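# Secondary and tertiary structure notes
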Amino acid sequence: AQTVTQSQPEMSVQEAETVTLSCTYDTSESDYYLFWYKQPPSRQMILVIRQEAYKQQNATENRFSVNFQKAAKSFSLKISDSQLGDAAMYFCAYGAGYALNFGKGTSLLVTP
Amino acid sequence: SAVISQKPSRDICQRGTSLTIQCQVDSQVTMMFWYRQQPGQSLTLIATANQGSEATYESGFVIDKFPISRPNLTFSTLTVSNMSPEDSSIYLCSVGGGRGLGETQYFGPGTRLLVL
């Protein structure tokens, strides 16, 4: 079974600074997809960024980018110029079928 | 992306009763998913619901406890039956277009359930 590990239960960053959230996964598949979702206190799950495993180029979405290391099975999320609205739980997710496997999440605190 | 609504947004229920959660999507989708998020935990898939077929349940979840309906391509319900305090969780539905592997899933706002 595929597992997703987020080793940082909590992270803190100052406004305007950069923070990196870690994620590793275990799989024997060669073709799969990886996601970062954000869950603010409203509990709405919001897609942050998506990466196809067959693409070597790291995905970027505005202030959000990933460092995808396929051989190391690592998929970290970098948030640049952090904003107060970035405070939330961040979940890393793996998909090789139709459903997703989620990590336990990292709680991100953004301080003024 | 799809716009997804869930009803109720929250509820407090007595043990032994049942609650039906509704999930409505603003467009037709092939696959709908139901997840459970226990307090302070990650999301766990309960079942996959395709229109016109029986739901497919994950290990640890059974139809008698979590019956699911999928009457059309825009709607699904999840019932939590004979509830106990251990069922207190957030229940989320999500949709994927079913175009295949790696389809991005979009989530509803969740239903927060507290069982006393």
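All of the points below concern the structure found in this document. Source: prediction; values computed, not measured.

## With respect to the overall build of chain B
Helix and strand counts for chain B come out as 0 helices and 11 strands. Overall, chain B shows an N-to-C arrangement of helices and strands of β-β-β-β-β-β-β-β-β-β-β. Rg of the C-alpha trace for chain B: 13 Å, near the compact-globule value of 13 Å for 116 residues, within the 12% margin. In terms of overall dimensions, chain B has C-alpha extents of about 40 × 25 × 25 Å along its principal axes. Residue burial in chain B is summarised as follows: out of 116 residues, 51% are buried.

## A word on the side chain of A:Thr106
Residue and element names in this part refer to chain A. Secondary-structure assignment places Thr 106 in strand 12 (residues 106-111). A polar contact is formed between the side chain of Thr 106 and the backbone oxygen of Gln 8, at a distance of 2.6 Å. When sequence neighbours within four positions are dropped, the list of residues in contact with Thr 106 reads Gln 6, Gln 8, Pro 9, Glu 10, Met 11, Leu 21, Ala 88, Met 89 and Tyr 90.

## Some words on the state of the cysteines
Residue and element names in this part refer to chain B. Tallied over the entire structure, the rule returns 2 disulfides over all chains. At a sulfur-sulfur separation of 2.0 Å, the disulfide partner of Cys 23 is Cys 93. Judged by the sign of its S-S torsion, about 70°, the cystine formed by Cys 23 and Cys 93 is right-handed. Taken together, the positions of Cys 23 in strand 3 (residues 19-25) and Cys 93 in strand 9 (residues 89-96) put the pair 70 residues apart, joining distant regions of the chain. With a relative accessible area of 0%, Cys 93 lands in the buried category. For the unlinked cysteine Cys 13, the closest cysteine sulfur is that of Cys 93, found at 17 Å. The class for Cys 13 is buried, based on a relative accessible area of 8%.

## Considering the packing of aromatic side chains
Per the stated rule, a full pass over the model turns up 13 aromatic pairs over all chains. Ring geometry for A:Tyr37 versus B:Phe107: centroids 5.4 Å apart, planes at 85°, classification edge-to-face. Of the two residues, A:Tyr37 is situated in strand 5 (residues 33-39) and B:Phe107 in strand 10 (residues 106-107); the pairing between them involves two chains. The same class applies to A:Tyr37 and to B:Phe107, which are both buried. For the pair B:Phe61 and B:Phe66, a centre-to-centre distance of 5.6 Å together with 65° between the ring planes defines the contact as edge-to-face. Using a relative accessible area of 9% as the deciding quantity, one classes B:Phe61 as buried. Site record: aromatic cluster; members linked through ring pairs are A:Phe35, A:Tyr37, A:Phe91, A:Phe102, B:Tyr35 and B:Phe107.

## Considering the nonpolar core
Residue and element names in this part refer to chain B. Counting residues in each nonpolar core, the largest one holds 26 residues, and the members touching the most others are Trp 34, Ile 46, Phe 66, Ile 68, Leu 78, Tyr 91 and Leu 113. Among the elements of the structure, strand 3, strand 4 (31-37), strand 5 (43-50), strand 8 (75-80), strand 9 and strand 11 (111-115) are those that each provide at least two residues to this core. Considering every element that reaches this core, the biggest residue donor is strand 3, with 4 residues. What Ile 68 contacts, discounting residues up to four positions off in sequence, is Trp 34, Ala 47, Ala 49, Ala 55, Tyr 57, Ser 76, Thr 77 and Leu 78.

## Thoughts on the pairing of strand 1 (residues 4-7) of chain B
Residue and element names in this part refer to chain B. Only one face of strand 1 is buried: it carries Ile 4 and Gln 6, and the other face, with Ser 5 and Lys 7, is open. Sheet topology note: the strand 1/strand 3 ladder contains 4 bridges and is antiparallel. Residue pairing across strands places Gln 6 opposite Cys 23, the latter belonging to strand 3.

## Considerations on the interface of chain A and chain B
Contact residues are listed per partner, giving 20 residues for chain A and 26 residues for chain B. Buried surface at the junction of chain A and chain B, both sides included, amounts to about 1,900 Å², of which 55% is carbon and sulfur. Ranking the residues of chain A by area buried against chain B places A:Arg43, A:Tyr98 and A:Phe102 at the top, with a combined share of 37%. The interface formed by chain A and chain B holds 0 salt bridges in total. Inspection of the region where chain A meets chain B yields 10 residue pairs in polar contact (both at pLDDT 80 or more). The set of elements that each furnish at least two residues to the side of chain A that touches chain B consists of strand 5 and strand 6 (46-52) of chain A. Here the side of chain A that touches chain B gets 4 residues from one element, more than from any other, and that element is strand 5 of chain A. Of the residues belonging to the side of chain A that touches chain B, the class tally is 11 nonpolar, 5 polar and 4 charged.

Each value, and the rule that gives it
- Residues numbered from 1 in each chain as written.
- Chains lettered and ligands numbered in written order.
- Predicted model: local features only at pLDDT ≥ 70, side-chain atom pairs only at ≥ 80, totals over all residues.
- Heavy atoms only, no water.
- Helix = DSSP H or I, 4+ residues; strand = E, 2+ residues; numbered from the N terminus.
- Rg over C-alpha atoms; globule rule 2.2 N^0.38 Å.
- Buried < 20%, exposed > 50% of the residue type's maximum accessible area, 1.4 Å probe, protein only.
- Polar contact = N/O pair within 3.5 Å; in protein donor to acceptor, adjacent residues only side chain to side chain.
- Contact = heavy atoms within 4.5 Å.
- Disulfide = S-S within 2.5 Å.
- Phe/Tyr/Trp six-rings, centres within 6.5 Å; stacked < 30°, edge-to-face > 60°.
- Core = buried A, V, L, I, M, F, W, Y, C linked by side-chain atoms within 4.5 Å.
- Pairing = 2+ DSSP bridges.
- Buried area = accessible area lost by both parts, 1.4 Å probe.
- Salt bridge = Lys/Arg side-chain N within 4 Å of Asp/Glu carboxyl O.
- Nonpolar A, V, L, I, M, F, W, Y, C, P; charged D, E, K, R; others polar.

Just distances and angles here, no functional claims.
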